[in-house]
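Letter by letter, the chains look like this.
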Amino acid sequence: MKSKLSHFERYDMGMAVIHDGVTDVHNSDNAYAHVNEATRFDQLMRSYLSSEQGQHFLTYIESRNRKLVELTGYGTADLGPSTVAATIHNGLEGIIVSNYQGKTFQERVEQMAIQYKIPADAMQEYVLTHELAHAAGYKSEAETEGFIKDFFTSRAFQTQGETREKYTSLAKIAAKREYEADQLEE
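A brief look at the structure comes next.

Procedures and definitions
Residues numbered from 1 in each chain as written. Predicted model: local features only at pLDDT ≥ 70, side-chain atom pairs only at ≥ 80, totals over all residues. Heavy atoms only, no water. Helix = DSSP H or I, 4+ residues; strand = E, 2+ residues; numbered from the N terminus. Rg over C-alpha atoms; globule rule 2.2 N^0.38 Å. Buried < 20%, exposed > 50% of the residue type's maximum accessible area, 1.4 Å probe, protein only. Contact = heavy atoms within 4.5 Å. Areas by Shrake-Rupley, 256 points an atom, 1.4 Å probe, with all protein chains shown as cover. Core = buried A, V, L, I, M, F, W, Y, C linked by side-chain atoms within 4.5 Å. Expected span 1.5 Å × (residues − 1). Pairing = 2+ DSSP bridges. Axes fitted to C-alpha atoms, helices over the stretch in contact; angles between N-to-C directions. Parallel < 35°, antiparallel > 145°, perpendicular 65-115°, else oblique. Nonpolar A, V, L, I, M, F, W, Y, C, P; charged D, E, K, R; others polar. Left-handed = near helix turned anticlockwise from the far one by under 90°.

**Considerations on the overall build of the protein chain**
In terms of regular secondary structure, the protein chain is built from 6 helices and 5 strands. In terms of overall dimensions, the protein chain is globule-like: its C-alpha atoms have a radius of gyration of 16 Å, near the 16 Å expected for 186 residues. For the C-alpha atoms alone, the extent of the protein chain along its principal axes is close to 50 × 35 × 35 Å. Burial status across the protein chain gives 49% buried among its 186 residues. In the protein chain, once contacts between residues fewer than 6 apart in sequence are set aside, the share between residues at least 24 apart is 52%. Counting only carbon and sulfur atoms, one obtains 48% of the accessible surface of the protein chain, whose full area is about 9700 Å².

**Some words on the nonpolar core**
Phe57, Phe105 and Met123 are the most contacted members of the largest nonpolar core, which totals 41 residues. Those elements giving two or more residues to this core turn out to be helix H1 (31-50), helix H2 (52-63), strand S3 (70-77), helix H3 (105-116), helix H4 (120-135), helix H5 (141-158) and helix H6 (161-185). Here the element with the most residues in this core is H4; it accounts for 8 residues. If near-sequence neighbours (up to four positions away) are discounted, Phe105 is found in contact with Glu37, Phe41, Leu44, Val84, Ala85, Ser98, Asn99, Gln124, Val127 and Leu128. Within the second largest apolar cluster, 8 residues are counted, among which are Met13, Ala77, Ile95 and Val97.

**Some details on H4**
Within an α-helix, residues lying three or four positions from one another point in the same direction, as the helix has 3.6 residues per turn. The end-to-end C-alpha separation of H4 is 23 Å, in line with the 22 Å expected for 16 residues at 1.5 Å each. Most of H4 sits inside the fold, with 14 of its 16 residues counted as buried. Positive phi shows up at Gly137, right after H4, with a value of about 105°.

**Comments concerning the sheet that holds strand S2 (residues 22-26)**
Spatially, 5 strands are ordered S2-S1-S3-S5-S4 in an open sheet, and the strand pairing comes out mixed. Looking at strand neighbours, the two that pair on one side only are S2 and strand S4 (85-89), the edges of this open sheet. Across the sheet, the mean angle from the axis of one strand to that of its neighbour is 25°, orientation sign disregarded. Sheet topology note: the S4/strand S5 (residues 93-99) ladder contains 5 bridges and is antiparallel. Counted as the bridge partner of Ala86 is Val97 from S5. This element, H4, spans S3, S4 and S5 of the sheet and lies at about 15° to S4.

**Re H6**
Here H6 contains 25 residues, and its C-alpha end-to-end distance of 36 Å stays within 8% of the 36 Å for a straight helix at 1.5 Å per residue. If you check which residues of H6 are buried, you get Tyr167, Leu170, Ala171, Ile173, Ala174, Glu178 and Ala181. On its buried face, H6 sits against H2, H3, H4 and H5.

**With respect to the packing of H1 against H2**
Direction vectors running N to C along H1 and H2 enclose 70°, while the axes themselves pass 4 Å from each other. Here H1 is positioned roughly perpendicular relative to H2, judged by the angle of their axes. Of the residues in H2, those touching H1 at Tyr48, Leu49 and Ser50 are Glu52, Gln53, Gly54, Gln55, Phe57 and Leu58. Class assignment for the residues of the contact of H1 with H2 results in 4 nonpolar, 4 polar and 1 charged.

**Notes on the packing of H2 against H5**
Contact geometry of H2 with H5 gives a least axis separation of 11 Å together with a crossing angle of 120°. Relative to H5, H2 is oriented oblique. You can see that H2 and H5 cross each other, and the crossing is right-handed. Residues His56, Phe57, Tyr60 and Ile61 of H2 form the contact with H5, whose participating residues are Phe147, Ile148, Asp150, Phe151, Ser154 and Arg155. Looking at side-chain class alone, the contact of H2 with H5 contains 6 nonpolar, 2 polar and 2 charged residues.

Right, here's the structure in full:
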């Protein structure tokens, strides 16, 4: 049977990706850890996509005349010390992976949450939304951050109370990161 990772194998990194319940491991020096983290991330992504928050974002993507590439799997890969997650695609199909290089996705999200002074569950939503924006065709970090900033701003206007505060905070983070990315991309 041909590996579903075949078009991703050009990346020289350890990874495990779950495709339709089947785990595909590539170049891993710690297959057990990669498979466990891939399983957790696959469940997290599927849960987010079927959640109310995920459905709002998918509807927002469609309202902007965009659509996701065909996401064929979710998993984990060794992405370097500072990356939390990544979307790897060829314009038609792709995967979303968390970074497992000595730290779990959850540990990386918690570090980011501390950095931005928001709850870890809000930061997790931010990261997943960011990666899905890449899957919707936003390539640069600046345009991705701009897109999710607009989404979080629209959600803030559609909600109240703590939910509004969460989306206002997420929009501010995206605006800051958009500005920083613009500076780097110039």
